[in-house]
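Given next are the chains, with one letter for each unit.
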Amino acid sequence: MAKSPAISLADINVMFATNVIGLINMTQAILPTMLRRNKGDIINLNSIAGHEAYPRGSIYCVTKSAVRSYSDALRRELIETKIRVMEVAPGQVETEFSVVRFGGDRSAAAKVYEGCEPLTPEDVAEVIVFQASRRHNVVVAVYCCSLAIRYGDSRLHGLLKA
């Protein structure tokens, strides 16, 4: 988790290729079929980082902001069709991403979740099923979800410091 200007070009390229270019390429590949059928759901898996930036996450946050903007623009482009474009933007989900984010340092990754009960991939999957299972005229456009932090919880300040 480097800060600018110490972020490697390789890390920048991988994040953009994965989070932005890959998403656009997949959408471009499936959209013609959906348009022919005038039916379908596109649910983009984003991150709360696309809505709320955090220190040492600038490039990741930028790529996830791009996912948010692309999803919003695509939803507007397809408004006259029966193709729904939705986004789920979880935060504090305990996955392998934390280990990757900290360059393989499992101890540093574990500290992110100290003293709290993080979301699980299953929690995120339930949200996606909820979005997809609404009637065709209901679009849960953006669903942000994060762990519950109680008012006055000192852990909140530790999560935001970085």
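This text gives an overview of the structure that appears in the document.

What counts and how
Residues numbered from 1 in each chain as written. Predicted model: local features only at pLDDT ≥ 70, side-chain atom pairs only at ≥ 80, totals over all residues. Heavy atoms only, no water. Pairing = 2+ DSSP bridges. Helix = DSSP H or I, 4+ residues; strand = E, 2+ residues; numbered from the N terminus. Axes fitted to C-alpha atoms, helices over the stretch in contact; angles between N-to-C directions. Contact = heavy atoms within 4.5 Å. Buried < 20%, exposed > 50% of the residue type's maximum accessible area, 1.4 Å probe, protein only. Parallel < 35°, antiparallel > 145°, perpendicular 65-115°, else oblique. Left-handed = near helix turned anticlockwise from the far one by under 90°. Right-handed = clockwise from strand over helix to strand, strands pointing away. Patch = residues over 30% accessible without salt bridge, like charges linked within 9 Å, V, L, I, M, F, W, Y side chains within 5 Å. Areas by Shrake-Rupley, 256 points an atom, 1.4 Å probe, with all protein chains shown as cover. Salt bridge = Lys/Arg side-chain N within 4 Å of Asp/Glu carboxyl O. Lys, Arg positive; Asp, Glu negative; His and termini not counted. Charge placed at Lys NZ, Arg CZ, Asp CG, Glu CD.

1. Considering the sheet that holds strand β1 (residues 40–45)
Within a sheet, adjacent strands bond to each other through the backbone by hydrogen bonds, running parallel or antiparallel.
Right, so step 1: Read from one edge to the other, the open sheet built from 3 strands follows the order β1-β2-β3, with strand pairing classed as parallel. Strand pairing shows two members of the sheet lacking a second neighbour, β1 and β3 (142–145), which therefore form its edges. If you compare each strand with its neighbour and ignore which way they point, the axes differ by 15° on average.
Right, so step 2: Contacts between helix α2 (residues 58–77) and the sheet are confined to β1, β2 (83–90) and β3, with β2 contributing the most and set at about 160° to the helix.
Right, so step 3: Contacts from helix α5 (residues 121–132) reach β1, β2 and β3 within the one sheet, and its direction differs from that of β2 by about 160°.

2. Some remarks on the environment of Met15
Right, so step 1: Mapping Met15 onto the fold places it in helix α1 (residues 9–37).
Right, so step 2: Residue Met15 is classed as partly exposed on the basis of its relative accessible area, which comes to 22%.
Right, so step 3: Expressed as a C-alpha distance, the spacing of Met15 and Glu117, which sit 102 residues apart in the sequence, is 27 Å.
Right, so step 4: For Met15, the residues in contact, after removing those within four places along its chain, are Val20, Ile59, Tyr60 and Thr63.

3. Considerations on the packing of α1 against α2
Between two packed helices, the angle of one axis relative to the other and the distance separating the axes together describe the packing.
Right, so step 1: Axis separation between α1 and α2 bottoms out at 8 Å; the angle between their running directions is 15°. Relative to α2, the element α1 is oriented roughly parallel. Once α1 is placed against α2, the crossing between them reads as right-handed. Of the residues in α2, those in contact with Ile12, Met15, Phe16, Asn19, Val20, Leu23, Ile24, Thr27, Gln28 and Leu31 of α1 are Ile59, Tyr60, Val62, Thr63, Lys64, Ala66, Val67, Tyr70 and Leu74.

4. Side note on the side chain of Arg84
Right, so step 1: Structurally, Arg84 is set in strand β2.
Right, so step 2: Every residue in contact with Arg84, bar those within four places of it in the chain, is listed here: Gly40, Asp41, Ile42, Gln131, Ala132, Arg134, Arg135, His136, Val138 and Val139.

5. Digging into the pairing of β1
Right, so step 1: Across the two faces of β1 the burial differs, with Gly40, Ile42 and Asn44 buried and Asp41, Ile43 and Leu45 not buried at all.
Right, so step 2: With 6 bridges connecting them, β1 and β2 associate as parallel partners. By the bridge assignment, Asp41 is partnered in β2 with Arg84.
Right, so step 3: Handedness of the β1-α2-β2 crossover: right-handed.

6. Overview of a negative patch on the surface
Right, so step 1: Taken together, the side chains of Glu117, Glu122, Asp123 and Glu126 define an acidic patch exposed on the protein surface.
Right, so step 2: Following the sequence through the fold, Glu126 ends up in helix α5.

7. Observations concerning the pattern of salt bridges
Right, so step 1: Overall, the coordinates contain 4 salt bridges when judged by the stated rule.
Right, so step 2: Across the pair Asp41 and Arg84 runs a salt bridge whose closest N-O atoms are separated by 2.7 Å. Here Arg84 lies in strand β2 and Asp41 lies in strand β1, a separation of 43 residues in the sequence.
Right, so step 3: A residue is classified by how much of its surface remains accessible, and Asp41, at 30% relative accessible area, is partly exposed.
Right, so step 4: Judged by relative accessible area, which is 5%, Arg84 ranks as buried.

8. Side note on unusual backbone geometry
Right, so step 1: Each neighbour pair has its own omega, and for Ser4 with Pro5 the value is 5°, a cis peptide bond.
Right, so step 2: Of note, Pro5 is situated in the segment before α1.
Right, so step 3: Even without glycine at this site, Arg56 takes up a positive phi of about 65°.
Right, so step 4: Note that Arg56 resides in the loop between β1 and α2.
Right, so step 5: With a phi close to 60°, Gln92 is a non-glycine residue in the positive phi region.
Right, so step 6: Summarising the element assignment, Gln92 is placed in the loop between β2 and α3 (97–101).
Right, so step 7: Overall, the relative accessible area of 23% leaves Gln92 in the partly exposed class.

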